[in-house]
Amino acid sequence: MQYRPYGKLDFQVSAFGMGCMRLPRILKEDGTAEVDREKAYELIRYAADHGVNYFDTAYGYHHQTSEAVLGEALQGGYRERVKIATKQPFNVMKTHADIRRNLENTLKKLRTDYIDVYLIHNIQANVWEDIKARNILEEYEKFRQEGLIRGIAFSYHGEFEAFKDILSYYPWDMCQVQQNLLDCDKEVTEEGIRLAGEKGCALVIMEPLRGGGLANAPEDVQAVYNSYPVKRSPAEWAFRYLYDHPQVSCILSGVTTMEQLKDNIRIFSEADAVADSMTQEERDLMLRAKAAYESRVTIPCTGCEYCMPCPQKVDIPGIFQKYNTGMMFKNFDNPKRTYMFTKNANQSAVNCIECGACMKKCPQHIDIISQLKAAHEALDGWKE
Ligand code: SF4
Ligand code: SF4
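Note that the structure is a prediction, hence the values are computed from the model and not measured. (Residues numbered from 1 in each chain as written. Chains lettered and ligands numbered in written order. Predicted model: local features only at pLDDT ≥ 70, side-chain atom pairs only at ≥ 80, totals over all residues. Heavy atoms only, no water.)

> Go over the pairing of strand 7 (residues 83-89) with me, naming the residues and quoting the values.
Remember that side chains alternate between the two faces of the sheet whenever the strand is regular. Strand 7 sits mainly inside the fold: 6 of its 7 residues count as buried. In this sheet, strand 8 (residues 115-123) lies alongside strand 7 in parallel orientation, the contact comprising 5 bridges. Residue Lys87 lies in a different strand from strand 8, and its bridge partner there is Leu119. In terms of handedness, the path from strand 7 via helix 4 (residues 96-110) over to strand 8 forms a crossover that is right-handed. (Buried < 20%, exposed > 50% of the residue type's maximum accessible area, 1.4 Å probe, protein only. Helix = DSSP H or I, 4+ residues; strand = E, 2+ residues; numbered from the N terminus. Pairing = 2+ DSSP bridges. Right-handed = clockwise from strand over helix to strand, strands pointing away.)

See below:
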């Protein structure tokens, strides 16, 4: 495993960090799902036993159970060997007492006395002024003095200008941002990555495979990769594009299967999985692969679920995921079949009353209402 410095904090982290937002799940009879704890423990411990020393979770992941699953998995001596990053959402920060209570609850769930890196989850430009005005960072400073947390950080989805403002306001230990081959010129951009590096703020990357999509290459994208003499999997190319940046400390990837985990560990253990290792020819290749992908995917939904819940129960990310899958693979058979289940669960796009609530929350600025209509048209009509 390759390790990298973590900004101002005096530790090295594995270049691959395990994200605990896509843990394996068990589907229940009532149609809901819960984390498959035994499988999740196995993945987390396998990762820790094979060099992964950075685990990312959040209060809200897996319906507020991800922290507890991680805490349980890390019992038996694992906790001391790894770094835990977790996130507190703004909606639990009604009062300073709430902020403390939430942290105490998180510590209990994680079965630990301290959190290595504590983040404000998904700072949005519209709440940033409130966070400043209510001195929430002062409260975090107190936690640090008490030894409850070590690093203070934030995660962010949004435009570069607001990111720059947040980054400049406080000597953050880390910022966690969405970056991947397809988003390199959106959100924080390459400029934001450079700025974070200049400030000595560790940079942790989320959504490196765009919700897993970049791990699969349709024929035209694969043809681009095949044109290069060195053969690598699509996921490896996508990770490679990111770890080439020297400012990046850690790349998070949500893990669901052992196969994914082993592949990620292999990729990040290669001798050349280091910064500044790409040739100009490889950078050009990545740009061509990006163009090939972009010519296919029409809805840039990452599956983050910030638009949820919809008051009409429309499964927005699920519908977009089915639509994009159909577009990516030029085949709507399976997406149509699975959309039938969405309809049966009364969660299809026809339920949308166009209230617009979801659109205000989408970090990708998707015109959700009209895209739902387009998706429904393409997905409806499965016949057994
Ligand atoms: S616009 Fe439609 S999909 Fe979005 S929240 Fe309202 S009802 Fe749900
Ligand atoms: S529509 Fe937007 S907010 Fe909803 S899951 Fe997709 S990217 Fe996230």
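> Outline helix 5 (residues 125-133), supporting the account with residue identities and numerical values.
Every buried residue belonging to helix 5 is among Val127, Trp128, Ile131 and Lys132, and all of these are buried. The buried residues of helix 5 all sit within an arc of 145° when viewed along its axis, so they share a single face. Exposed residues pointing more than 90 degrees away from the buried face of helix 5 are listed as Asn126 and Ala133. Buried residues belonging to helix 5 abut strand 8, helix 6 (136-145) and helix 7 (160-169). (Arc of directions from axis to C-beta. Contact = heavy atoms within 4.5 Å.)

> Pulling in residues and values, what's your account of the site of ligand 2?
Not every one of the 15 residues close to ligand 2 is listed here, only the nearest: Cys301, Cys304, Glu305, Cys307 and Cys362. Top element by residues in the shell around ligand 2 is helix 13 (residues 316-329). It accounts for 3 residues. Of the residues that constitute the shell around ligand 2, the class distribution is 11 nonpolar, 3 polar and 1 charged. (Near = heavy atom within 4 Å. Nonpolar A, V, L, I, M, F, W, Y, C, P; charged D, E, K, R; others polar.)

> Got a sec to walk through the pairing of strand 8? Specific residues and values, please.
For strand 8, a buried count of 9 out of 9 residues is recorded, marking the element as mostly surrounded by other parts of the structure. The pairing of strand 8 with strand 9 (residues 149-156) spans 6 bridges and is classified as parallel. Directly across from Ile123, in strand 9, lies its bridge partner Tyr156.

> Tell me about the sheet that holds strand 12 (residues 248-254), residues and numbers included.
One closed barrel accounts for 8 strands, arranged 3-6-7-8-9-10-11-12; its pairing is parallel. Neighbouring strand axes in the sheet, compared pairwise and without regard to direction, differ in orientation by 30° on average. Here helix 7 sits on the sheet in contact with strand 8, strand 9 and strand 10 (174-178), set at roughly 165° to strand 9. (Axes fitted to C-alpha atoms, helices over the stretch in contact; angles between N-to-C directions.)

> Please provide a residue-by-residue account of the packing of aromatic side chains, values included.
What the rule picks out here adds up to 16 aromatic pairs. Ring centres 5.1 Å apart and planes at 25° place the aromatic pair Tyr118 and Tyr140 in the stacked group. Here Tyr140 lies in helix 6 and Tyr118 lies in strand 8, a separation of 22 residues in the sequence. Summarising the burial analysis for this pair, Tyr118 and Tyr140 share the class buried. Taking the centre distance of 5.7 Å and the plane angle of 65° together, the rings of Tyr243 and Phe268 count as edge-to-face. Linking Tyr243 in helix 10 (residues 234-243) with Phe268 in the loop between helix 11 (258-267) and helix 12 (280-294), this pair joins segments that are 25 residues apart in sequence. Assessed through its relative accessible area of 1%, Tyr243 is described here as buried. (Phe/Tyr/Trp six-rings, centres within 6.5 Å; stacked < 30°, edge-to-face > 60°.)

> Break down the pattern of salt bridges for me, citing the residues and quoting the values.
Enumeration over the complete set of coordinates arrives at 31 salt bridges. The partner of Asp56 in a salt bridge is Lys87, and the shortest N-O contact between them spans 2.9 Å. Taken together, the positions of Asp56 in strand 6 (residues 54-56) and Lys87 in strand 7 put the pair 31 residues apart, joining distant regions of the chain. Of the two residues, Asp56 and Lys87, both sit in the buried class. Glu236 is paired through a salt bridge with Arg266; the nearest N and O atoms lie 3.4 Å apart. Remark: Arg266 occurs in helix 11 and Glu236 occurs in helix 10; sequence separation between them is 30 residues. On the basis of relative accessible area, Glu236 is assigned to the buried category, the value being 8%. (Salt bridge = Lys/Arg side-chain N within 4 Å of Asp/Glu carboxyl O.)

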